[in-house]
Amino acid sequence: MIQVNAIGDACPIPVVKTKNAIRELAGPGIVETLVDNEIAVQNLTKMANQKGYGVKSEKLGENQYKVAMTIGEGAEIPEENEEEACLVQPGPRKKKIVAVISSSEMGGGSEELGKALMKGFIYALGQQDVLPETILFYNGGAAMSCEGSPALEDLKSMEAQGVEILTCGTCLDFYHLKEKLQVGEVTNMYVIVEKMTGADLIVKP
């Protein structure tokens, strides 16, 4: 048996290393390849199926997978100069969307209407096909992630789906809300600026 360590390697390196190991085996046997992503697992599996090898994959832990190929008697051995290709390509990069909320009201004019609009905005945000990566709350918006907020259930639902919810600690202190935070985590101005400058799109009601 030969074990190949391809953890941290980008496509097509895991496939290349595995083919080299199969050539080195020069006959029946097993080649195990360790990789750190499912795309690599899929590429190795497709390559094994194309060559007629037995193949089995196993998740060993967080970002660690093992693909075991069984090369039987008379199995096809990869050519020395065989062209490599990523059979499975990663999907397009997800757009990094950051929502920033600086008030408990949306727009100016009626306070009652503004609060209703903000509640509706946060609800609608959670219904989008692509959710924001992060929602930032600061100044008067800090109240929206705290006890008594009409949007708590919607925010908790988004958090459960992987949305990062961050509320300015200075703002929570100023409004005496630190003990009332109900969803997400406390953050600081450095992180707020970092999240905003790293966004592809900033959404602000």
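Residues numbered from 1 in each chain as written. Predicted model: local features only at pLDDT ≥ 70, side-chain atom pairs only at ≥ 80, totals over all residues. Heavy atoms only, no water.

Caption draft 1: Summary view of the nonpolar core. Counting 19 residues, the largest nonpolar core has Ile22, Val31, Val35, Tyr53, Met69 and Ile71 as the members making the most contacts within it. Every element with two or more residues in this core is listed here: strand E1 (2-5), helix H1 (13-25), strand E2 (29-35), helix H2 (38-51) and strand E4 (64-71). Here this core gets five residues from one element, more than from any other, and that element is H2. If we ignore the near neighbours within four places in the chain, the residues touching Val35 are Ala6, Ile7, Pro14, Ala40, Val41, Leu44, Asn63, Gln64 and Tyr65. In terms of nonpolar packing, the next biggest core, distinct from the first, is built from 17 residues, Ile122, Leu125, Phe137 and Ala151 among them. (Core = buried A, V, L, I, M, F, W, Y, C linked by side-chain atoms within 4.5 Å. Buried < 20%, exposed > 50% of the residue type's maximum accessible area, 1.4 Å probe, protein only. Helix = DSSP H or I, 4+ residues; strand = E, 2+ residues; numbered from the N terminus. Contact = heavy atoms within 4.5 Å.)

Caption draft 2: Region of interest: the sheet that holds E4. Spatial ordering of the open sheet is given by E1-E2-E4-E3, a layout of four strands whose pairing is mixed. Unpaired on one side and paired on the other, E1 and strand E3 (54-61) mark the two borders of the sheet. For this sheet, the mean inter-axis angle between neighbouring strands, taken without regard to orientation, is 20°. Strand contacts of H1: E1, E2 and E4, with the helix running at about 160° to E2, the strand carrying the most contacts. Here H2 sits on the sheet in contact with E2, E3 and E4, set at roughly 5° to E4. (Pairing = 2+ DSSP bridges. Axes fitted to C-alpha atoms, helices over the stretch in contact; angles between N-to-C directions.)

Caption draft 3: Fine view of unusual backbone geometry. Backbone geometry places Ala26, a non-glycine residue, at a positive phi of 55°. Structurally, the position occupied by Ala26 is in the loop between H1 and E2. Even without being a glycine, Asn63 presents a positive backbone phi close to 55°. Mapped onto the elements, Asn63 comes out in the loop between E3 and E4.

Caption draft 4: Spotlight on the packing of helix H3 (residues 111-125) against helix H4 (residues 152-160). Interaxial distance between H3 and H4 falls to 9 Å at its minimum, and their mutual angle equals 20°. By the angle between their axes, H3 is roughly parallel relative to H4. Read as a crossing pair, H3 and H4 show a hand that is left-handed. On H4, the residues touching Ile122, Tyr123 and Leu125 of H3 are Asp154, Leu155 and Met158. Looking at the contact of H3 with H4 residue by residue, the classes come out as five nonpolar, no polar and one charged. (Parallel < 35°, antiparallel > 145°, perpendicular 65-115°, else oblique. Left-handed = near helix turned anticlockwise from the far one by under 90°. Nonpolar A, V, L, I, M, F, W, Y, C, P; charged D, E, K, R; others polar.)

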